[in-house]
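Summary of the model geometry
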Amino acid sequence: MDFVQHILNGLLQGCILALIGLGFSLVWGILNIINLAHAAFIMLAAYVTYFLWSLAGIDPFISLPLTMAVLFGLGYILQRYVINLVMGATILTTFLLTFGFESLLVNLALRLFSADTRQTKPIYANASFSIGPLYVPYTQLGAVVVALLLTYLLYLFLDHTRTGSSIRAVGQDRVAARLMGIDIGRTYALTFGIGAALAAASGTLLSTTSGFAPNGFSAFNVLAFSVVVLGGLGSIPGALLGGLVFGLVYEFGGTYVLSQRDVVIFAILILVLVLRPTGLLGREGYR
Amino acid sequence: MRGMYYPGHGFRWLPSALAAVMLAACGAPASAPAPTAAPAATTAPAAAKPTTAPTAAGASSGTFDGTLLFGAPISLTGSTAKEGALTRDGYDLWRDTYNKAGGINVGGKHYKIETKYYDDASNAQQSATLADKLINEDKVNFLLGPYGTAPTLQVSTVAEKNKMPMIEGNGAAESIFSQGYKYTFGVLSPAQNYLRGVIDLVLTLDPKPASVAVLTADDPFSVEVADAAQKYAEQKGLQVVYSQKYPNASTDLRAPLTEAKGKNPDLLLNSGHLQESLAIVQQAKELGFSPKGFGFSVGPGTPDFQTTLQNDANYVLGGVQWTPALKYHGDDLFQTPEAYNTLYKQTFGYEPAYQSADATAVGVAFVKAIEAAGTTDQAKVRDAIAALNFMAFYGQIKFDERGINATKPMAVEQWQNGRRVTVWPTDVAEVKALWPMPAWSAR
């Protein structure tokens, strides 16, 4: 029965990982930016959620759209007025720029919020219900619903709206897209904003499952990166699959080779890169 | 393919990007603050805290015959920023309290205590670099320890090389003291004592536990604590049914907890850090894992443990270096743990964690040694530190030949109804330990 619980743990955690990877994947795939400020966005969203809950008593699942909107705004402004200035440069430039944002945001948060551990703690936090011998935490289950819903909405948005099409067009060929009359700078900002909003959703969910402080988030950049590489860049189902596979590997790695868990994960990552460089569901770009 | 948005660019640069991300991730604490370390060089608390040198000196600045500069690299940012701040506050309280009372008396001359801190960003190498800077550029008279075993280990080498006496209060691994160094002293009880109190305590309780599971972070200090605890538990007749190491700073411990739950131990021991202790209690609850008790080496002693876990913190046991409930009567300005507690709360507005008391005890030991030596000469002060034997508000301070404060025992605290109370050793215990912990479903 432990085995089934392990699978459940892995899948529940995998959905959150998928959500963490989703925004990262979008920004990377369309803008060709490896956004190292992604984890800082998650952190800021956790604080927005925490303060809305502790000061105004707003339930995290209700404040979620608001938190996403706040981070969308921040992401939009950062891209529109800062990152857009260096979009013509090599990938290393944006890499360093977002790394700078990360440092800035984390240290600002340390200054403003201190290193005290916080947690958004509605009454159902860390509580669970059991189905026979299996335990399912409420917040993790809620997180799964949110993650799947947002994944589906992103898919609908990109595939079935005009704005979504223009985002995909810019990702495919920015010169042609511009010739078709698409405002590239605005589309970039929109995409980066959506990436930040998705990060925000995962930040809200994470703030309810465990205690957090500003400096505990940087590992999520590596997680997001791994999920995207595993699942395949440029694919929404890929991010979901990558997250789930990662969650399971993490759980079973933790069961059998706990102290070497990271070794197993990165060995699998390297193996995927060698055998299937585009990831599980990814596809080679046009070039 | 459905759901596809094509990447505009191939994967040719992917391997280098992967390497870069991993480097950035691993090196983040090291490289991120490096450029800022110098400007951020903190006597920063001066800006933030009311209890700084100027105010302290205000009363009696005319009466000092000189100053003694004490330097420390401390983790004010990074993974142990919280503990670093507690350490700094402990040093500050010592400085201000002694300065108000006339500073350090060296052969009739009164020296004012000054401190200089640099932020090591929780990075051990950085800590060593900054210690070197403190000694050779800032010309500190003495070195106070950083926060954490790894930084302390690194800094001890720098101190030894420069023949600079260092007393530290926040690195307890015996590996620090097994290098044959002569200039590093630690006021803490050694690692092997950390969970011993918890084991001794639970064996006196009814129903008597028969089995134990041990989870430990894989850093050298945590492993040392866990190994000693496991050996001690076996000696005392407890059966160790599950024992696992996890990568340092893991906060998803559902997998090992599910395994441990399957073994149904009476007691779960963890040797790790605050964030891990929080994760263990929360995830054990989520998984419906209810041993008769939880015992942690680190975590419950920090106020964050209760503010984060709230009612779930109840029943949890933790080994502590020091608690305000202990009945020591010290030969120093703070005198008793209770008086220290009161003064600390007045000054900073929150209750001291043991990390703060550790730091303050470091300062007290320095004052005792310098006054005994009657000189500020570093070699002579070093000898005076080695010869110290006195009772502080913190407990007995007497270093063995390695520099460890080996005679000081550890206490055990338990969270009961949102209060942290001392439950072991019995002669100073405030109340009886609550045992066994009811199942999560019954709480």
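Summarised in this report is the structure supplied together with it.

What counts and how
Residues numbered from 1 in each chain as written. Chains lettered and ligands numbered in written order. Predicted model: local features only at pLDDT ≥ 70, side-chain atom pairs only at ≥ 80, totals over all residues. Helix = DSSP H or I, 4+ residues; strand = E, 2+ residues; numbered from the N terminus. Rg over C-alpha atoms; globule rule 2.2 N^0.38 Å. Buried ≥ 20, exposed ≤ 12 C-beta atoms within 10 Å, placed from the backbone. Contact = placed C-beta atoms within 7 Å. Pairing = 2+ DSSP bridges. Axes fitted to C-alpha atoms, helices over the stretch in contact; angles between N-to-C directions. Parallel < 35°, antiparallel > 145°, perpendicular 65-115°, else oblique. Left-handed = near helix turned anticlockwise from the far one by under 90°. Nonpolar A, V, L, I, M, F, W, Y, C, P; charged D, E, K, R; others polar. Core = buried A, V, L, I, M, F, W, Y, C linked by C-beta atoms within 7 Å. Domains from an automatic or database assignment. Expected span 1.5 Å × (residues − 1).

This part is about the overall build of chain A. Tallying secondary structure elements over chain A gives 11 helices and two strands in all. Listing the helices and strands of chain A from first to last along the sequence gives α-α-α-α-β-β-α-α-α-α-α-α-α. Here chain A has a C-alpha radius of gyration of 19 Å; the compact-globule value for 287 residues is 19 Å, and the two agree. Each principal axis of the C-alpha distribution contributes one length, and for chain A these read about 60 × 50 × 35 Å. Scored against the burial criterion, the 287 residues of chain A give a buried share of 57%. For chain A, contacts bridging at least 24 residues in sequence account for 78% of all contacts bridging at least 6.

Next up on the list: the sheet that holds strand β10 (residues 293–296) of chain B. Residue and element names in this part refer to chain B. Read from one edge to the other, the open sheet built from seven strands follows the order β8-β7-β9-β10-β11-β14-β15, with strand pairing classed as mixed. Two strands close off the open sheet at either side, each with one partner strand: β8 (239–246) and β15 (419–424). Taken over all neighbouring pairs, the strand axes of this sheet differ in orientation by 25° on average, direction set aside. Inspection of the sheet shows strand β14 (residues 411–416) paired to β15 by five bridges, in the antiparallel sense. Each residue of the ladder has a partner; that of glutamine 414, found in β15, is valine 421. Together, β7 (211–217), β8 and β9 (267–271) form the strand contacts of helix α9 (residues 220–235), whose direction differs from that of β7 by roughly 170°.

What follows covers the packing of helix α2 (residues 38–56) of chain A against helix α8 (residues 184–209) of chain A. Geometrically, a packed helix pair is captured by the angle between its two axes and the distance between the axes. Residues and elements named next belong to chain A. Between α2 and α8, the shortest axis-to-axis distance is 7 Å and the interhelical angle comes to 55°. The orientation of α2 relative to α8 falls into the category oblique. In the crossing of α2 with α8, the sense of the turn from one axis to the other is right-handed. Only Ala196, Ala199, Ala200, Ser202, Gly203, Thr204, Leu206 and Ser207 of α8 make contact with α2, whose side of the interface consists of His38, Phe41, Ile42, Met43, Leu44, Ala45, Ala46, Thr49 and Tyr50. Of the residues that constitute the contact of α2 with α8, the class distribution is 11 nonpolar, six polar and no charged.

Here the focus is the sheet that holds strand β1 (residues 66–74) of chain B. All names here are of chain B. Strands sit in the order β2-β3-β1-β4-β5-β6 across an open sheet of six strands; the sheet is mixed. In this open sheet, the two strands that pair with only one neighbour each are β2 (104–106) and β6 (184–186). When the angles between neighbouring strand axes are averaged without regard to direction, this sheet yields 30°. Bridge count between β1 and strand β3 (residues 109–119): nine bridges; the pairing is parallel. In the sheet register, leucine 69 faces β3, and the bridge partner there is glutamate 114.

Once that is clear, we can look at the nonpolar core. In summary, soluble globular proteins display a tendency toward joint burial of nonpolar side chains. In this structure, Ile42 and Leu71 of chain A together with Leu143 and Ala365 of chain B are the most contacted members of the largest nonpolar core, which totals 216 residues. Ranked by residues supplied to this core, first place goes to helix α1 (residues 2–31) of chain A with 14 residues. For this core, the two domains that each supply at least three residues are domain 1 (33–189 + 326–397) and domain 2 (193–320 + 410–442) of chain B.

Attention now goes to the pairing of β14 of chain B. Residues and elements named next belong to chain B. Burial runs high along β14: five of the six residues are buried. When strand β11 (residues 317–320) meets β14, the two strands line up antiparallel, connected through four bridges. Looking across to β14, one finds that glycine 319 is bridged to valine 412. Counted along the chain from β14 to the antiparallel partner β15, the turn is two residues long, and its residue asparagine 417 has a positive phi close to 50°.

Further remarks concern the environment of valine 144 of chain A. Residue and element names in this part refer to chain A. One can find valine 144 in helix α5 (residues 138–160). Residue class for valine 144 comes out buried when judged on the 20 C-beta atoms lying within 10 Å of it. Residues valine 144 and glutamine 13, 131 residues apart in the sequence, show an inter-C-alpha distance of 8.4 Å. Apart from the residues lying within four places of it in its own chain, the contact partners of valine 144 are Leu12 and Cys15.

A word on the environment of glutamine 239 of chain B. All names here are of chain B. As for its position among the elements, glutamine 239 is in strand β8. Separated by 66 residues in sequence, glutamine 239 and alanine 173 have C-alpha atoms that sit 26 Å apart. Beyond its immediate chain neighbours, meaning those up to four positions away, glutamine 239 contacts Ala210 and Ser211.

Our focus in this paragraph is α5 of chain A. All names here are of chain A. For α5, built from 23 residues, the straight-helix expectation of 33 Å at 1.5 Å per residue is met to within 8% by its first-to-last C-alpha distance of 32 Å. Burial in α5 covers these residues: Thr139, Gln140, Ala143, Val144, Ala147, Leu150, Thr151, Leu154 and Leu158. Those residues of α5 hidden inside the fold are in contact with α1, β2 (134–137), α6 (162–172), α8 and α10 (236–256).

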